[in-house]
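Here is how the chains run, residue by residue.
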Amino acid sequence: MTQADYDLVIRGGTVATAADTVACDVGIRDGRVVALAEGLGPGAQEIDAAGKLVLPGGVDSHCHIDQPSSMGATTADDFRSGSISAACGGTTCIIPFAAQHRGQSLRAVVEDYHGRARGKAVIDYAFHLIVSDPTEQVLGQELPALIKDGYTSFKIYMTYDALKLGDRQVLDVLAAARREGAMVMVHAENHDVIAWLTERLIGAGRSAPQFHAVAHAAQAEREATHRAITLAEIVDLPILIVHVSARAAMEEIRAAKARGLRLYAETCPQYLFLTAADLDREGFEGAKYVCSPPPRDAANQEHVWRGLESGVFDVFSSDHAPYRYDDPEGKQMHGKGAPFNRIANGVPGLEIRLPMLFSAGVGTGRISLNRFVDLCCTRPAKLYGLYPRKGSIAVGGDADIAIWDPERRVTISRDMLHDNLDYTPYEGHVVTGWPVTTLSRGTVVWDDGAVLGEPGRGEFLRCDLPAAAHPLGRRVHGFAPESGDYDAPWLGESET
Ligand code: URP
Ligand code: ZN
Ligand code: ZN
């Protein structure tokens, strides 16, 4: 009997990373990639990938799993269904949130989320934190300790009653992140504008789901995006603006990037494949599409596409925030016909994120295969401190791989998906290209329609400090860059 050189060889496929596309085999040992070459020796197990694309497993850096929402509903997926759904769509690493509610200790929140994940995930996961109560204790003690323990990114909100931070609090959080080297993700919508519009719309009897998109105006997103960038500039900290939906906010991001700020931006499937018209569907059906920011119009969709092509966007995440439709704990927590401001915000997307962008982006030539890999796998891993372990196919990295049939035509329907929802917003969308086999650390977890990953095999990942979050070292307001003097006592730093 021939001795196997590898535990597994993926043979004869086309391997694509963010940088290159190469025809070669992939040799895997002990869960890691150990060889990339043509004609590798035998593996104990072999996968014939002729005619297939061999891509890094997706890194979905924005998803809400088993998270009680600030509005009272609980997301429908736990770590079992959520991670299975991700794996079946070619994703091998998820970064959901450990969400602090006001008054809670961040450390206790993190312990709670570990309990939610334990024994359930089929793929690896890390956690972002959500900071909604930035007390001195949280910023001075808990956050620094948690960052050292591998929770190196956190999200803050400029809207939602229970989560929003005022500008002073945002500055406090950004300054703490700067001290520790963490990445801050910002939900940028102007709370007062939304509240003011909501009050008037509902007062005028315009409470149907479609008016959610009116209340969450693109101008409110633009203003908050501008403000978040301004606050980040004052603290000299790179930030990441999440779920950007519209041209207006993109203009702020593009302008800031053009003037040399280090700034990152994310968009999501709902801004490419849904529009505000979906919120105007028959009866209460529009509730299925309520998310924040909301999907906009076709012109904005086109701008988001251009942003993916041109580099305004760095990452493409799902913002999977799943609430069942026909469920008193989901979209109908306040009944069928509830006013739009009482409908749980969020749409699912873990499983369709990659196939939909692959089909409409790579399949049509709008983005290259390498750009697709960068947006969905490599950049998120880099931005959140998981690279090079995750996010690429490289010697030494985890063998987290999705093998794609680029010709497979799939009509997306509720029944074929593996999340715990009772609908998909993308019912009837036809895509070409689907991940047929997914490997997590060299173990096949999804193959030819069968879920093979054992719940509990997924491991928690400690994130490194992301290099992308390093300050530029710019002198901030009032200090001349050319003088070389650096005096920023408001950051606790002072140098000459
Ligand atoms: O509507 C959305 N996006 N819900 C999820 C929570 C968030 O703000 O990302
Ligand atoms: Zn958000
Ligand atoms: Zn979200």
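Refer to the structure above for everything that follows.
Each chain carries its own residue numbering, running from 1 in the direction its sequence is written. To label them, take the chains in the order written and letter them from A, then take the ligands in the order written and number them from 1. Per-residue local features of the predicted model are confined to residues with pLDDT of at least 70, and side-chain atom pairs are confined, for both listing and counting, to 80 or more; whole-chain, interface and lining totals are unaffected and use all residues. Computation of side-chain values covers all heavy atoms of the structure but excludes hydrogens and water.

Draft legend 1. Quick peek at the overall build of the chain. Of the regular secondary structure elements, the chain holds 12 helices and 22 strands. Radius of gyration: C-alpha atoms only; globule rule: 2.2 Å multiplied by the number of residues to the exponent 0.38. In summary, the chain has a C-alpha radius of gyration of 22 Å against a globular reference of 23 Å for 496 residues, a match within 12%. Taken along the three principal axes of its C-alpha coordinates, the chain extends 75 × 65 × 40 Å. Three exposure classes are used, based on accessible area relative to the maximum for each residue type with a 1.4 Å probe and protein chains only: buried under 20%, partly exposed in between, and exposed over 50%. Counting over 496 residues, the chain shows a buried share of 60%. Within the chain, counting contacts between residues at least 6 apart in sequence, those at least 24 apart form 76% of the total. Accessible area for the chain stands at about 18,200 Å²; split by element, carbon and sulfur atoms hold 47% of it. This count recognises Lys and Arg as positive and Asp and Glu as negative, with His and chain-terminal groups excluded. Lysine's charge is taken at NZ, arginine's at CZ, aspartate's at CG and glutamate's at CD. Charge-centre separation for the chain: the mean point of 48 positive side chains lies 2 Å from the mean point of 65 negative side chains. Helix and strand assignments come from DSSP, with helices taken as H or I runs of at least 4 residues and strands as E runs of at least 2, each series counted from the N terminus. Any two residues whose heavy atoms approach within 4.5 Å at even a single point are treated as in contact. The Shrake-Rupley method, run with a 1.4 Å probe sphere, supplies the accessible areas, and residue values consider only the shown protein chains as cover.

Draft legend 2. Structural detail: helix α11 (residues 353–362). Counting buried residues along α11, nine of its 10 residues qualify, which places the element largely inside the surrounding structure. Every buried residue belonging to α11 is among Arg353, Leu354, Pro355, Met356, Leu357, Phe358, Ser359, Gly361 and Val362, and all of these are buried.

Draft legend 3. Examining the coordination of the zinc ion (ligand 3) more closely. With water omitted from the atoms examined, metal sites may look incomplete; donors here are N, O and S atoms no farther than 2.8 Å from the metal, or 3.2 Å in the case of Na, K and Ca. Protein coordination at the zinc ion (ligand 3) comes from His62 (NE2), His64 (NE2) and Asp319 (OD), with a distance range of 1.9 to 2.1 Å. Irregular is the default label, applied whenever a site is not tetrahedral (four donors, all angles between 85 and 135 degrees) and neither square planar nor octahedral (four or six donors, opposite donors over 155 degrees apart, all other angles between 65 and 115). Classification of the site at the zinc ion (ligand 3) as tetrahedral follows from its four donor atoms and the range of 90 to 123° in their angles at the metal. In this structure, the zinc ion (ligand 3) lies 4.0 Å away from the zinc ion (ligand 2). Of this pair, histidine 64 sits in the loop between β8 (58–63) and α1 (79–88) while aspartate 319 sits in the loop between β16 (315–316) and α11, and the two are 255 residues apart along the sequence. With respect to class, histidine 64 is no different from aspartate 319; both count as buried.

Draft legend 4. The arrangement of the pattern of salt bridges in detail. Whenever a carboxyl oxygen of Asp or Glu lies within 4 Å of a side-chain nitrogen of Lys or Arg, that contact is scored as a salt bridge. For the coordinates displayed, the defined rule picks out 35 salt bridges. Notably, a salt bridge pairs glutamate 302 with arginine 306, separated by 3.1 Å at the nearest N-O pair. Remark: arginine 306 and glutamate 302 occur in helix α10 (residues 298–310); sequence separation between them is four residues, near one turn of the helix. Overlapping salt bridges, with partners in common, bring together Arg32, Asp124, Arg389, Lys390, Asp398, Asp400, Arg441 and Glu459 in one network.

Draft legend 5. Geometry of the environment of lysine 336. In this fold, lysine 336 is placed in the loop between β16 and α11. Separated by 49 residues in sequence, lysine 336 and alanine 287 have C-alpha atoms that sit 9.0 Å apart. Excluding anything up to four places from it in sequence, lysine 336 contacts Phe284 and Tyr325.

Draft legend 6. Representation of the sheet that holds strand β18 (residues 430–440) within the structure. Read across the sheet, seven strands follow the order β3-β2-β7-β17-β18-β19-β20 without closing on themselves; strand pairing throughout is mixed. Edge positions in the open sheet fall to β3 (21–23) and β20 (450–451), since each of these has one partner strand only. Strands were regarded as paired on the criterion that DSSP finds at least two bridges between them. Summarising the sheet, β18 and strand β19 (residues 443–447) pair through four bridges and their orientation is antiparallel. Bridge pairing in β19 links threonine 437 to aspartate 447. Taken strand by strand, helix α12 (residues 369–383) contacts β2 (14–16), β3, β7 (53–56) and β17 (401–411), and its axis lies near 35° from that of β7. Where helices are involved, their axes are fitted lines through C-alpha atoms of the stretch in contact, as for all axes, and angles between N-to-C directions lie from 0 to 180°.

Draft legend 7. Just the packing of aromatic side chains, in detail. Note on ring pairs: Phe, Tyr and Trp rings are taken, using the six-membered ring of Trp, and paired if centres are within 6.5 Å. Classes follow the plane angle, with under 30 degrees stacked, over 60 edge-to-face and the rest tilted. Applying the stated criterion across every chain yields a total of 13 aromatic pairs. Taking the centre distance of 5.7 Å and the plane angle of 70° together, the rings of tyrosine 125 and phenylalanine 127 count as edge-to-face. The pair formed by tyrosine 125 and phenylalanine 127 is uniform in burial state, with each residue classed as buried. Clustering of aromatic rings is evident, with ring pairs tying together Phe79, Tyr113, Tyr125, Phe127, Tyr151 and Phe460. Over the ring of tyrosine 113 we find arginine 116; its NZ or CZ atom is 5.0 Å from the centre of that ring. Over a ring means this: the NZ of a Lys or the CZ of an Arg is within 6 Å of the ring centre and within 35 degrees of the ring normal. One Lys or Arg, lysine 288, reaches over the ring of tyrosine 325 and ends 4.8 Å from the middle of that ring.

Draft legend 8. Spatial organisation of the sheet that holds strand β4 (residues 25–29). In spatial order, the strands read β5-β4-β1-β6; together these four strands make up an open sheet with mixed pairing. Where the open sheet ends on each side, the last strands, each with one partner, are β5 (32–37) and β6 (43–48). Adjacent strand axes in the sheet meet at a mean angle of 20°, parallel and antiparallel pairs treated alike. Two elements, strand β1 (residues 6–11) and β6, share five bridges in a ladder whose sense is parallel. From the neighbouring strand, isoleucine 10 faces β6, where its bridge partner is isoleucine 47.

Draft legend 9. Summary view of the side chain of aspartate 278. Mapping aspartate 278 onto the fold places it in the loop between α9 (270–273) and α10. Residue aspartate 278 is classed as buried on the basis of its relative accessible area, which comes to 11%. A distance of 2.6 Å separates polar atoms of two side chains, one belonging to aspartate 278 and the other to arginine 281. Aspartate 278 has contacts with Gly286 and Tyr289, leaving out every residue within four places of it along the chain. A 3.5 Å cut-off defines polar contacts: any pair of N or O atoms within that distance qualifies, except that in protein one atom must be a possible hydrogen donor and the other a possible acceptor, and neighbouring residues in sequence count only when both atoms are side-chain atoms.

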